[in-house]
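# Inside the fold
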Amino acid sequence: MNPDFLLDSALARSLYHTFAAGLPVIDYHNHLKPADLVSDRKYDNITQLWISADPYKHRAMRILGVEERRITGDADDYEKFEAWYESLPRLIGNPLFDWSRMELSRVMGVELLPFGDCKTVWDRLNEAVRETSAKKLLETFNVEYSAPCTALCDDLTVFAHDDTLAPSLRGDDLLLPTKALLERLGSLTGITIRTPEDYLAAVEKRLDAFRAVGCRFSDHGLDNGFAYAVDDGRNASRFARLAAGEELDRAERLQLSSFILTQLASGYARHGFTMQIHIGAQRKTSTRLRTLAGAAGGYAAVGNTSDVSSLAAFLDAVESLPAGLPQVLLFPLNPADNAVMATLSGSFSRDGVEALVSQGPAWWWCDHYEGMVQMLSTFACHSVLSSFVGMTTDSRSLLSFVRHDYFRRVLCRWMAQMVESGRMPDDEGLLGDTIRRICYENAKKRLN
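Here the structure is a predicted model, which is why all the values come from computation and not from measurement. (Residues numbered from 1 in each chain as written. Predicted model: local features only at pLDDT ≥ 70, side-chain atom pairs only at ≥ 80, totals over all residues. Heavy atoms only, no water.)

## Brief notes about the nonpolar core
The tendency in soluble globular proteins is for nonpolar side chains to be buried as a group. Stated formally: What is meant by a nonpolar core is a set of buried Ala, Val, Leu, Ile, Met, Phe, Trp, Tyr and Cys residues, joined one to another through side-chain atoms within 4.5 Å. For the exposure calls, accessible area comes from a 1.4 Å probe over protein chains only, and a residue counts as buried if that area is under 20% of its type's maximum, exposed if over 50%, partly exposed in between. Think of it this way: any DSSP run of H or I at least four residues long counts as a helix, any run of E at least two long counts as a strand, and we number them from the N terminus. Should any heavy atoms of two residues lie within 4.5 Å, those residues are considered in contact.
Counting 146 residues, the largest nonpolar core has Phe81, Met108 and Phe314 as its most contacted members. The element that contributes the greatest number of residues to this core is helix α17 (residues 402-420), accounting for 11 residues. Setting aside residues up to four positions removed in sequence, Phe81 forms contacts with Ile46, Thr47, Trp50, Ile51, Cys118, Val121, Trp122 and Leu125.

Have a look at this one:
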């Protein structure tokens, strides 16, 4: 693939090759399987590595009418490869077309264009797959730190002996804990959980364990319709009923989950975690696809614009607690929220802390050229560009680390265009310093 892909000017090429291309990758949020990385998993064929774990690809095939059995069903791996390979030429204009070419060119040394015979390409790619493994792929992408999402009660021993791998705490199931989760948490910590205080003490003990194996990030998905309720002082009774297995009504669930979210955020501040908040996914769409493909099957959609009053009230409540706010990254899924999230970066602060609250990178349905450029342009206007923490994959596929390179190319092209339009100075030293901060240094700081 063209080494200057997306770099449409001499300045863009210079910025990328001089400052961005060689930087290590810190991927602070992904959905990889830690066991695959620790065991240095090898893959039987290209489908297992390239297609099976990538809901983006599954979604595109569904749009083209491919039968579900050839996407996530009982078809064999060659049939699934064939379905994807036949779909690819139809995807011109979609980022999957570019990502797929970059993935195979960077890792396998195979160029997709022109498209050849399916079986011949299958055989050639499988030869390359047999020469690689999970750890080799991380080395190929120059990954210095990778943080797979990990639930509070998951086994942490897989992280104990690898300095490049650490958990990112996924806290969604903690807001309204089930009886089974409470029993598991109690067993792990030796704390009998009957009250909110017991629960938070047990959580705190697990946060200690997460930090000990390198965790520096947590994550919560606040889906479409997120609302926040100020503590009314009656959450102890609600928690006792929930712990006993009783159902709470909608208003009670909102009250209790808001209280727990606030307390968790305070715990993250005490442990030095950056709290990632992914906002606005509409996860309930097709019941049929959810049944067929599972909870993360690639059929979610962009939700409405966020309730900024609820988000601000939540951040304000956490800030008022003794530990104050953790560092927070806001990931809006609806691009109409870019300005809202960027301006919130100036609404909360702490002396000596850079970017206490900031916007995360263009996420999910927005992590393509247009989405990245829109996010960068808006963030530069409403916040401080040099404080931006940069890209993360948010992916289940190892090959998706190529998106860091894609982002760096987009960033360098955008900055070069800003220079050419007179909106940024033609000073490569100044531009390069900003690129290094965005692509590596700002994320690196959050590990310390």
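## Some remarks on the packing of aromatic side chains
How we decide: For Phe, Tyr and Trp, rings pair up if their centres lie within 6.5 Å, where Trp contributes its six-membered ring, and each pair is then called stacked (planes under 30 degrees apart), edge-to-face (over 60) or tilted (otherwise). Throughout this description, the term charge over a ring refers to an Arg CZ or Lys NZ atom that lies within 6 Å of the ring centre and within 35 degrees of the ring normal.
One pass over the structure, following the stated rule, counts 20 aromatic pairs. Judged by centre distance (5.3 Å) and plane angle (20°), the ring pair of Tyr28 and Phe217 falls under stacked. Taken as a pair, Tyr28 in strand β1 (residues 25-30) and Phe217 in strand β4 (residues 217-222) lie far apart in primary sequence, 189 residues in all. Under the relative-accessibility criterion, Tyr28 is labelled buried at 0%. Using a relative accessible area of 0% as the deciding quantity, one classes Phe217 as buried. Ring centres 6.3 Å apart and planes at 40° place the aromatic pair Trp50 and Phe81 in the tilted group. Linking Trp50 in helix α3 (residues 46-50) with Phe81 in helix α5 (residues 77-87), this pair joins segments that are 31 residues apart in sequence. Taken together through their ring pairs, the aromatic side chains of Trp50, Tyr78, Phe81, Trp84, Tyr85, Phe97, Phe115 and Trp122 make up a single cluster. Sitting over the face of the ring of Trp365, Arg59 holds its NZ or CZ atom 4.2 Å from the ring centroid.

## Focus: the sheet that holds strand β2 (residues 143-151)
This is how the line gets drawn: A pair of strands counts as paired when DSSP detects no fewer than two bridges linking them. An axis is simply a line fitted to the C-alpha atoms; with a helix, the fit covers only the stretch in contact. Between two such axes, the angle follows the N-to-C directions and lies from 0 to 180 degrees.
Taken in spatial order, the 7 strands make up an open sheet running β1-β2-β3-β4-β5-β8-β9, and their pairing is parallel. Lying at the two open borders of the sheet, with one neighbouring strand each, are β1 and β9 (357-359). Averaged over all adjacent pairs, the angle separating strand axes in this sheet is 20°, with direction ignored.

## Some words on the side chain of Ser100
So the rule is basically this: Whenever a nitrogen or oxygen atom comes within 3.5 Å of another N or O atom, the pair is scored as a polar contact, on the condition that within protein one atom can donate a hydrogen and the other can accept it, and that pairs from neighbouring residues in sequence are kept only if both atoms are in side chains.
Within the fold, Ser100 resides in helix α6 (residues 95-108). A relative accessible area of 0% places Ser100 in the buried class. Within the structure, the side chain of Ser100 is placed 2.7 Å from the backbone oxygen of Leu96, a separation counted as a polar contact. Those residues within four positions of Ser100 in sequence are excluded, and the remaining contacts are Trp50, Lys57, Trp84, Leu88 and Leu112.

## Here's the deal with helix α12 (residues 250-271)
Note that an α-helix has 3.6 residues per turn; residues three or four places apart therefore point the same way. Rules: Any helix carries an expected span of 1.5 Å times its number of residues minus one.
The terminal C-alpha atoms of α12 lie 31 Å apart, and with 22 residues this matches the ideal 32 Å at 1.5 Å per residue to within 8%. Among the 22 residues that make up α12, 16 are buried, leaving the element largely enclosed by the rest of the structure. The distance from a side-chain oxygen at the start of α12 to the backbone nitrogen of Ala251 is 3.2 Å, and the residue carrying that oxygen is Asp249. Following α12 by one or two positions, Gly272 has its phi on the positive side, about 75°.

## Regarding the environment of Cys215
Secondary-structure assignment places Cys215 in the loop between α10 (196-212) and β4. Distance in space between the C-alpha atoms of Cys215 and Ser168 is 5.8 Å, their sequence separation being 47 residues. Aside from chain neighbours lying at most four places away, what touches Cys215 is Tyr145, Ala166, Pro167, Ser168, Leu169, Phe210 and Phe273.

## Quick word on the pattern of salt bridges
Quick reminder of the rule: A side-chain nitrogen of Lys or Arg and a carboxyl oxygen of Asp or Glu constitute a salt bridge if their distance falls within 4 Å.
Evaluated as defined, the whole model comprises 25 salt bridges. Among the salt bridges present, the one from Glu67 reaches Arg70, with a minimum N-O distance of 3.6 Å. Assessed through its relative accessible area of 43%, Glu67 is described here as partly exposed. Taking relative accessible area as the criterion, Arg70 reaches 14% and is therefore assigned buried. Of the charged contacts, one joins Asp232 and Arg234 as a salt bridge, the two residues approaching to 3.3 Å between their closest N and O atoms. Owing to a relative accessible area of 27%, Asp232 belongs among the partly exposed residues under this scheme. According to the relative accessible area criterion, Arg234 is exposed, its value standing at 52%. Through salt bridges with shared partners, a single network forms among Glu67, Arg70, Glu82 and Glu86.

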